[in-house]
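# Coordinate analysis (summary)
Take a look at the letters that make up each chain.
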Amino acid sequence: MTADFETQLRAVSLRVTRPRLAVLAALRDHPHVDTDTVIALVRAEQPTVSHQAVYDVLRALTDAGLIRRIQPAGATARYESRVGDNHHHVVCRSCGAIADVECAAGRAPCLTASDDHGFVVDEAEVVYWGTCPGCAADRTAQ
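How each quantity is defined
- Chains are numbered independently. Their residues run from 1 in the order of the written sequence.
- Local features in this predicted model are restricted to residues whose pLDDT is 70 or higher, and side-chain atom pairs enter the listing and the counts only when it is 80 or higher, whereas totals over whole chains, interfaces and linings include all residues.
- In computing side-chain values, all of the structure's heavy atoms are included and hydrogens and water are not.
- Note on pairing: DSSP must find at least two bridges between two strands before they are called paired.
- A run of DSSP states H or I qualifies as a helix once it reaches four residues; a run of E qualifies as a strand once it reaches two. Both are numbered from the N-terminal end.
- When a residue's accessible area, from a 1.4 Å probe over protein chains only, is under 20% of the maximum for its type it is buried; when over 50% it is exposed; and in between it is partly exposed.
- Under this rule, positive means Lys or Arg and negative means Asp or Glu; His and the chain ends count for nothing.
- Only one rule defines a salt bridge in this text: a Lys or Arg side-chain nitrogen within 4 Å of an Asp or Glu carboxyl oxygen.
- The convention used is that axes are lines fitted to C-alpha atoms, helices contributing only their stretch in contact, and that angles between N-to-C directions extend from 0 to 180 degrees.
- Under the convention used throughout, the expected extent of a helix is 1.5 Å for every residue step, that is, one less than its residue count.
- In what follows, residue pairs with any heavy atoms lying within 4.5 Å of each other are defined as contacts.
- Roughly parallel refers to an angle under 35 degrees, roughly antiparallel to one over 145, roughly perpendicular to one between 65 and 115, and oblique to any angle outside these ranges.
- Amino acids outside the nonpolar list (Ala, Val, Leu, Ile, Met, Phe, Trp, Tyr, Cys, Pro) and the charged list (Asp, Glu, Lys, Arg) are all regarded as polar, and Gly is one of them.

### Some thoughts on the sheet that holds strand β2 (residues 68–70)
Spatially, β1-β3-β2 is the arrangement adopted by the three strands of the open sheet, whose pairing is antiparallel. Looking at strand neighbours, the two that pair on one side only are β1 (33–34) and β2, the edges of this open sheet. Both β1 and strand β3 (residues 78–80) contribute to a ladder of two bridges, which runs antiparallel. Residue pairing in the sheet places Val33 in a bridge with Tyr79 of β3.

Quick look at the structure:
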């Protein structure tokens, strides 16, 4: 898998570095995590990597389109490595868990605006809100 990450980095003209590889691996294995979690995951593998280095890597990878930063209303920013397919998310109102939801209606931008006001729409961002199965079971058990 490291070879795939190296290829991805080179394809967007980014140098291959250990922190970049570690962040990509962390997000592959743990989608929808916040910055603090990414830092903890990276530092578990590479204890000498600084917080600032991880912040810089997240910014560079986001700017290059290799990862996606999502921030549902009222929640902290999260990161994921699934990019380029205009998928959506479902968020638990209780615990904050996030899961991917496939495109709402076919190809990007997935939804057609009732009035696009002359914009050329190329992406739709949809967040579904609800209660995850774990939290729903907890409520039922109470």
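### Here we look at the side chain of Arg20
Inspection of the secondary structure puts Arg20 in helix α2 (residues 18–29). Of the side chains with opposite charge, Asp56 comes closest to the buried, unpaired Arg20, at an N-O distance of 8.5 Å.

### Topic: the sheet that holds strand β5 (residues 98–101)
Read from one edge to the other, the open sheet built from three strands follows the order β5-β4-β6, with strand pairing classed as mixed. Sheet topology places β5 and β6 (127–130) at the edges, where each strand pairs with a single neighbour. Direction aside, the axes of adjacent strands within the sheet are offset by 25° on average. Relative to β5, strand β4 (residues 88–92) is paired through four bridges, and the arrangement is antiparallel. Bridge pairing links His89 to Asp100 in β5.

### Some points on helix α4 (residues 51–63)
The end-to-end C-alpha distance of α4, which contains 13 residues, comes to 18 Å, matching closely the 18 Å that a straight helix rising 1.5 Å per residue would cover. Structurally, α4 contributes buried residues whose contacts are with α1 (2–11), α2, α3 (35–45) and β3.

### With respect to unusual backbone geometry
The residue Ser13 is not glycine, and still its phi comes out positive at about 65°. Structurally, the position occupied by Ser13 is in the loop between α1 and α2. Look at Ser13 and you get exposed, because its relative accessible area is 69%.

### Thoughts on the packing of α2 against α4
One can describe the packing of α2 onto α4 by two numbers: an axis separation of 10 Å at closest approach and a directional angle of 70°. Classified by the interaxial angle, the pair formed by α2 and α4 is roughly perpendicular. Residues Pro19, Arg20, Val23, Leu24 and Leu27 of α2 form the contact with α4, whose participating residues are Val54, Val57, Leu58, Ala60 and Leu61. A class-by-class count of the residues in the contact of α2 with α4 yields nine nonpolar, no polar and one charged.

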